[in-house]
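Structural overview for review
Each chain, letter by letter, is given below.
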Amino acid sequence: MASIRNRATAQLALSPAVILLLVWMAIPLAMTLWYSFHDYQLLMPRGNAFVGFENYVYFLTDPAFLQSIGNTFVLVGSVLVITVAGGIGLALLLDQPLYGQGIVRVLIVSPFFVMPTVSALVWKNMFMNPVKGLFAWLAQVFGVAAVDWLAQVPLLSLTLIVAWGWLPFATLILLTSLQSLDTEQKEAAAMDGAGAVARFVHITLPHLARAVTVVILIQTIFLLSLFAEIFVTTNGGPGTQSTNLAYLVYSQALLRFDVGSASAGGVVAVILANILAIFLMRLVGRNLEV
Amino acid sequence: MTNAMHGRHKLAFTVLAWIVAVLVFFPILWTVLTSFKTEGAAVAIPPKFLFFDWTTENYAEVWQRTDYLRHFGNSVLISLGSCLIGLCAAIPAAWAMAFSPTRHTRFVLLWMLSTKMLPAVGVLVPIYLLFKRSGLLDSRTGLVLVLMLSNLPIMVWMLFTYFKEIPRDILEAARMDGATPGRELLHILAPMALPGIASTLLLNVILAWNESFWTLNLTAADTALLTAFIAAFLAPEGLFYAKLSAASTLAIAPIVVLGWLSQRQLVRGLTFGAVK
Amino acid sequence: MTSGRSLLALGASLAVGIATQAAAVTLTIATVNNGDMIRMQRLAGDFRRQHPDIELQWVTLEENLLRQRVTIDVATQSGQYDVVTVGNYEVPIWAAQGWLVPLDDLGEDFAGDDLLPAIGESLSYEDKLYAAPFYAESALTVYRTDLFEKAGISMPDNPTWSFIRSAAEKLTDRESGTYGLCLRGKAGWGENMALVSTLVHSWGGRWFDMKWRPQLDSRQWQDAVSFYVDLLRNYGPPGASTNGFNENLALFQAGKCGIWIDASVAASFVTDPRQSTVADRVGFALFPTHGKLQNHGNWLWAWSFVVPAASTHVAAAKIFIEWATGQAYMRLAAAESGWAGVPPGTRQSLYASREYRQAAPFADIVLRSIQAADTHQPAVQPVPYVGGNFVSIAPYQGIGTVVGQQLSAAVAGQIPAREALAKAQYIAEREMTRARYLD
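Read on for an overview of the structure. (Residues numbered from 1 in each chain as written. Chains lettered and ligands numbered in written order. Predicted model: local features only at pLDDT ≥ 70, side-chain atom pairs only at ≥ 80, totals over all residues. Heavy atoms only, no water.)

1. Details of the nonpolar core
If you look at the biggest cluster of nonpolar residues, it comprises 349 residues, and the most contacted ones within it are Trp-214 of chain B together with Trp-207, Phe-305 and Phe-320 of chain C. A per-element tally of this core places helix α8 (residues 154–179) of chain A first, with 15 residues. With residues up to four places along the chain from it excluded, the contact list for Trp-214 of chain B reads Trp-24 of chain A together with Ala-120, Val-123, Leu-124, Ile-127, Leu-143, Val-146 and Ser-150 of chain B. (Core = buried A, V, L, I, M, F, W, Y, C linked by side-chain atoms within 4.5 Å. Buried < 20%, exposed > 50% of the residue type's maximum accessible area, 1.4 Å probe, protein only. Helix = DSSP H or I, 4+ residues; strand = E, 2+ residues; numbered from the N terminus. Contact = heavy atoms within 4.5 Å.)

In structure tokens, the structure reads:
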């Protein structure tokens, strides 16, 4: 029903955003590609000679490379699992009639507004510190040995910190979706004799599928390049146990000041992210009307 | 179910909900409480919850040591600025895709989202050098540009899904009445889209405010934001928990309060097409 | 209309204000967030009084973040900072690249001859001074006199590592929360590697041979590192693998460590009754040596100010640096927080001053530690590099970071020391090849 004139206007309206993003994507990508094939170490300037695939070989043979990929998937995956499961649970809870519902919602939503660096600092120092942290005190109260969270279970600790920050987001989206669920359907099922669990599994969950997809998509986008929390808490350690791909690239760029290697790493990260994106888009495409 | 059973259920859920809410909110609460303790009390074991000597010395010291207002001002300017400018490009784009979809629309949308999947660390040095050559280092313009481009995909998508839910009939009627696309946009679409635009603005202001990678690496002194403000307290010497708490509270308070005040509005736009 | 007129007046004064601002020079100073710099910001009023036409804008960051931002700025000659805080690790490297302004023409108050020779040398390149030190340290041994007395041992002035080990054993009482020996275990080239590097030098080891081949697979490295890991795991506090200077300081001040071997600046903190619960029970000794070798490791670190060559306010920057590191500032700092808190380790006049020696009982041992440090010949065997607690070459930052991570994992008990060193050697060789020091 769009006339030709409308179509042209639409294209015009769309163009600023598209052009901006094209430029934003193309220029850094082009520069990164160029640097990835040249020798550029900030602290040892040597005239930016062309070195072919040397930077890629160096980055890909880094002893921490494979581990960083694994860590990336573990972090993203576990945060997704916790936030989706927790989000569904919290959404179900918030959907019930409650006293003081407004305040409860406000409290639960708050972690999303906290700056990731601040959140990580607070968790690291005031909760997870093995001597002065609250968890250590709790361990003492229960008579168990205090856990040195960031040194012994760095990935778990990071997952906890990051999931805490994203839980509200997932909860809100799932809650909105839940509240749009037709109660008549549920009541009909109840009258047919379906128990609460069966109702949940066969009616509620399928309805939530779209919202869950959205949550997974958006969170994955942000979690793939997770950096600030790692920088503030473990610095990728102990060793490289909590180094993800983004942190590995950072260590090339800002610890070794090796622009060539960092650029090669950036290109590798882009390729991997795009592969992941293709899978995600199939998932999204199935569940969303776009 | 009888009324009594309803009441019991409500009570039970209320208790459960409050316990969960307090647990989730606890880290923030603890930070605010600790910011009023002395350093010694801050690390006391067993921890002091409410009964300690309340003091504002930490806030005084943090205030004196750093220029909080300048950091705060920069955060406001850059977050708000980047989002408002972004909306100028995002609204037309979302309108175009929602009301004149082509077979490329889905691809364009997904492509926009995919631009967010590249790790910023990989392009830091190229962008840094680019900014240096253009004189954009440590400038508000440069940061606004970068943050705007980072959030543009999310803005477009949020608006797109919101616009799609606006009933076509009203627009069709207006068109048949002879409204040009401009009038259509301003007088009919805008009022209906306002809640969606508002919540898009809110969400992205929050995302921009909390963004730490670009704001830490592309700024020096002039444009230091609150993320840099807190970076001064990352690992100082000696006992610092109370001061860290004070600095943290100062850093997150504005956005947390904004979030509280606007959370209903925020939620209205947070459907992302997930809700039919 | 009164409101109109007051608006006009406001506008006029704003304009005047802006005009005067435009005439002033604004220096952007990037520094670490340690106590000395915080105090310097407090005392900056004195500078403003003397030089009202120079405004100071401070950028205070945590060390790692600071180093990162400043390095990118200086290496790309971006000129965002006029005065920058760096250590004597960066100074020779950056000066060689021509990225710094020589500081051999600072005013009278700076008195370059007054600098301790070791410090001045470590901040010079081709005989020109490129950095003005405001604080310097070496390493020493701090111990609890009361615990030693109770255990019936006495600390010699010049202890050996085997003595330290036996003392740590006697002092450790885990049930009462006393740990014989606290050492850095936190990963970082400026954290645990500063200590390990010094330790290895004192054991007769070296980072590289004359052909720049890494020596982490040498017998001295193996012995020294397994000794270090053993000590910490047996006599150190829990969580030692994440304890850096700050954490160990807190532990010692709370009375939990019998011996602590770390930077000499610790001396002023542990003897300060306002922070330390054991202030009156502290003794000092030199950094331990190994066996018959007389190498104290050669830890020498100086935080100093440099002026990037890309700065547009070089003259004003030099004026500021002269104020901040000159002899008058010493007296200013003493007046504000007492002589014991004056930034140590840089000037001969400080150590000659009666007031300082009276207020700081550790002055003598710190001076001797600094004087014993020779960064140009840090190892027993010949070396191609400069530096005791670090190696002053560009790739060291990366190497030190990764090796530090391996050793920290060893202290945490996750890998055996031997494996950590094997990995460290592999990484060091990889990095040196990448940096084209090796083929």
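2. Quick word on the interface of chain B and chain C
Tallying the contact residues gives 22 residues for chain B and 24 residues for chain C. For the chain B and chain C pair, buried surface summed over both sides reaches about 2000 Å², with 53% attributable to carbon and sulfur atoms. If you look at where chain B meets chain C, you find 0 salt bridges. Linking chain B to chain C there are 6 residue pairs in polar contact (both at pLDDT 80 or more). Of all the elements in the fold, those that place two or more residues in the side of chain B that touches chain C are α6 (120–134), α10 (213–217) and α11 (226–231) of chain B. With 3 residues, α6 of chain B is the largest single contributor of residues to the side of chain B that touches chain C. Classifying every residue of the side of chain B that touches chain C gives 13 nonpolar, 3 polar and 6 charged. (Buried area = accessible area lost by both parts, 1.4 Å probe. Salt bridge = Lys/Arg side-chain N within 4 Å of Asp/Glu carboxyl O. Polar contact = N/O pair within 3.5 Å; in protein donor to acceptor, adjacent residues only side chain to side chain. Nonpolar A, V, L, I, M, F, W, Y, C, P; charged D, E, K, R; others polar.)

3. Remarks on the layout of surface pockets
In this structure, the second largest pocket occupies an estimated 720 Å³ of space. What lines the second largest pocket is a set of 19 residues, among which Asp-95, Gln-96, Lys-186 and Arg-199 of chain A together with Phe-13 of chain B lie closest to the centre. When contributions to the lining of the second largest pocket are tallied by element, the ones reaching two or more residues are α3 (65–95), α9 (183–191) and α10 (196–224) of chain A together with α1 (3–34) of chain B. Split by residue class, the lining of the second largest pocket holds 9 nonpolar, 5 polar and 5 charged. (1 Å grid on protein atoms, 1.4 Å probe; cavity = no way out; pocket = protein on both sides within 12 Å on 5 of 7 lines; lining within 4 Å. Points joined across faces, edges and corners; volume = space filled by probe spheres on them.)

4. Considering helix α3 (residues 57–65) of chain B
Every buried residue of α3 of chain B is listed here: Asn-58, Tyr-59, Val-62 and Arg-65 of chain B. Take α3 of chain B and look down its axis: the buried residues cluster within an arc of 140 degrees, on one side only. (Arc of directions from axis to C-beta.)

5. Let's talk about unusual backbone geometry
Residue and element names in this part refer to chain C. For Asn-298, which is not glycine, the phi dihedral falls at a positive 70 degrees. Positionally, Asn-298 belongs in the loop between β10 (282–286) and β11 (301–306). Residue Asn-298 is classed as buried on the basis of its relative accessible area, which comes to 5%. Within the chain, Arg-436 stands out as a residue other than glycine whose phi angle is a positive 65 degrees. With respect to the helices and strands, the residue Arg-436 is situated in the segment after α19 (417–434).

6. Examining the sheet that holds strand β9 (residues 257–263) of chain C
Residues and elements named next belong to chain C. Within the open sheet, the 4 strands sit side by side as β8-β9-β7-β10. Their pairing is mixed. Only two strands of the sheet have a single neighbouring strand rather than two, namely β8 (179–182) and β10. Taking each pair of neighbouring strands and ignoring which way they run, the sheet shows an average axis angle of 15 degrees. In terms of strand pairing, strand β7 (residues 139–144) meets β9 through 5 bridges, oriented antiparallel. Paired with Ala-139 across the two strands is Ala-263, which belongs to β9. The sheet contacts of helix α8 (residues 161–171) involve β7, β8 and β9, and relative to β9 the element is tilted by about 145 degrees. (Pairing = 2+ DSSP bridges. Axes fitted to C-alpha atoms, helices over the stretch in contact; angles between N-to-C directions.)

7. What about the state of the cysteines?
Under the defined criterion, the tally for this structure stands at 1 disulfide over all chains. The disulfide that involves Cys-182 of chain C links it to Cys-257 of chain C, with 1.9 Å between the sulfurs. Across the S-S bond linking Cys-182 of chain C and Cys-257 of chain C, the dihedral sits near -85 degrees, which makes this disulfide left-handed. Taken together, the positions of Cys-182 of chain C in strand β8 and Cys-257 of chain C in strand β9 put the pair 75 residues apart, joining distant regions of the chain. Given the relative accessible area of 0%, Cys-257 of chain C is considered buried. Cysteine Cys-83 of chain B remains unbridged, with the sulfur of Cys-88 of chain B as its closest cysteine sulfur at 11 Å. Judged by its relative accessible area of 58%, Cys-88 of chain B is exposed. (Disulfide = S-S within 2.5 Å.)

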